[in-house]
Amino acid sequence: GEDVEQSLFLSVREGDSSVINCTYTDSSSTYLYWYKQEPGAGLQLLTYIFSNMDMKQDQRLTVLLNKKDKHLSLRIADTQTGDSAIYFCAPAQGGYQKVTFGTGTKLQVIP
Amino acid sequence: DAGITQSPRYKITETGRQVTLMCHQTWSHSYMFWYRQDLGHGLRLIYYSAAADITDKGEVPDGYVVSRSKTENFPLTLESATRSQTSVYFCASSAGQGNYNEQFFGPGTRLTVL
């Protein structure tokens, strides 16, 4: 099965950029998702990138995909206290509806 | 209200008891999923269903049973609860159209097995 690795914790100061990294093993992943989980809640889709793209920008969010190295990153510009949450990398298996979630990275934003 | 709901939100039970967690969605999504969330493990897939009466095992199915007689409901049963099943359980659904498959999550059920 797919293995998806993330660092468990990241701390940044308000206004700085945050970069959350993810490595995965299944090269057939088609869509690669980032989900956000706020305290006490379920996950919500934050953004995604299709496997034929290298970069996707969505307001303060930038997703970078390096297919050769199977590395995905999420950059949050001008990080705010409301961005404090757990972020999950979730590559989808090609042709299937299943995704494999990473361990999640807890982002702490210091005012 | 439209969306995906889970009940109960919190449950405390004892080892050996049977427990059923409920999940209901109003979108008529084809796919439904059960995950458990544990520190250091992220979300792990327990079971999923592609349609009514079609279910399949995920990564950690042992000790769990599912059924899906109606498209909108996907209950998860712990046949004989163990302490290792103490976790937060999330139900999710997706429309299942093509390769894009955003999953919509319920609020979770926090289960404690004593």
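Residues numbered from 1 in each chain as written. Chains lettered and ligands numbered in written order. Predicted model: local features only at pLDDT ≥ 70, side-chain atom pairs only at ≥ 80, totals over all residues. Heavy atoms only, no water.

Draft legend 1. Molecular detail of the interface of chain B and chain A. Contacts between chain B and chain A engage 24 residues on the former and 21 residues on the latter. Both sides of the chain B and chain A interface together cover about 1800 Å² of buried area, and 55% of this is carbon and sulfur. Between chain B and chain A we count 0 salt bridges in total. Our enumeration of links across chain B and chain A arrives at 3 residue pairs in polar contact (both at pLDDT 80 or more). (Contact = heavy atoms within 4.5 Å. Buried area = accessible area lost by both parts, 1.4 Å probe. Salt bridge = Lys/Arg side-chain N within 4 Å of Asp/Glu carboxyl O. Polar contact = N/O pair within 3.5 Å; in protein donor to acceptor, adjacent residues only side chain to side chain.)

Draft legend 2. Geometry of the environment of Ile54(B). Residues and elements named next belong to chain B. Tracing the backbone shows Ile-54 in strand E6 (residues 54–57). Measuring from C-alpha to C-alpha, the distance between Ile-54 and Thr-77 comes to 16 Å, with 23 residues separating the pair along the chain. Those residues in contact with Ile-54, other than ones at most four positions away along the chain, are Tyr-48 and Ser-49. (Helix = DSSP H or I, 4+ residues; strand = E, 2+ residues; numbered from the N terminus.)

Draft legend 3. Main features of the side chain of Asp83(A). By secondary structure assignment, the location of Asp83(A) is in the loop between strand E8 (71–76) and strand E9 (85–91). Excluding residues within four positions of it along the chain, Asp83(A) makes contact with Lys36(A), Arg60(A), Ile76(A), Asp78(A), Leu107(A) and Val109(A).

Draft legend 4. Summary view of the state of the cysteines. Residues and elements named next belong to chain A. Under the criterion given, the structure shown has 2 disulfides over all chains. Two residues share a disulfide in this structure: Cys-22 and Cys-89, whose sulfurs sit 2.0 Å from each other. The chirality of the disulfide connecting Cys-22 with Cys-89 is left-handed, given an S-S dihedral of about -60 degrees. Of the two residues, Cys-22 is situated in strand E3 (residues 18–24) and Cys-89 in strand E9; the sequence distance between them amounts to 67 residues. What makes Cys-22 buried here is its relative accessible area of 1%. (Disulfide = S-S within 2.5 Å. Buried < 20%, exposed > 50% of the residue type's maximum accessible area, 1.4 Å probe, protein only.)

Draft legend 5. Examining the sheet that holds strand E8 (residues 76–78) of chain B more closely. Residue and element names in this part refer to chain B. Spatial strand order, E1-E3-E8-E7: 4 strands in an open sheet with antiparallel pairing. Looking at which strands have only one partner, the edges of the open sheet turn out to be strand E1 (4–7) and strand E7 (64–66). Across the sheet, the axes of successive neighbouring strands diverge by a mean angle of 20 degrees, strand direction being ignored. (Pairing = 2+ DSSP bridges. Axes fitted to C-alpha atoms, helices over the stretch in contact; angles between N-to-C directions.)

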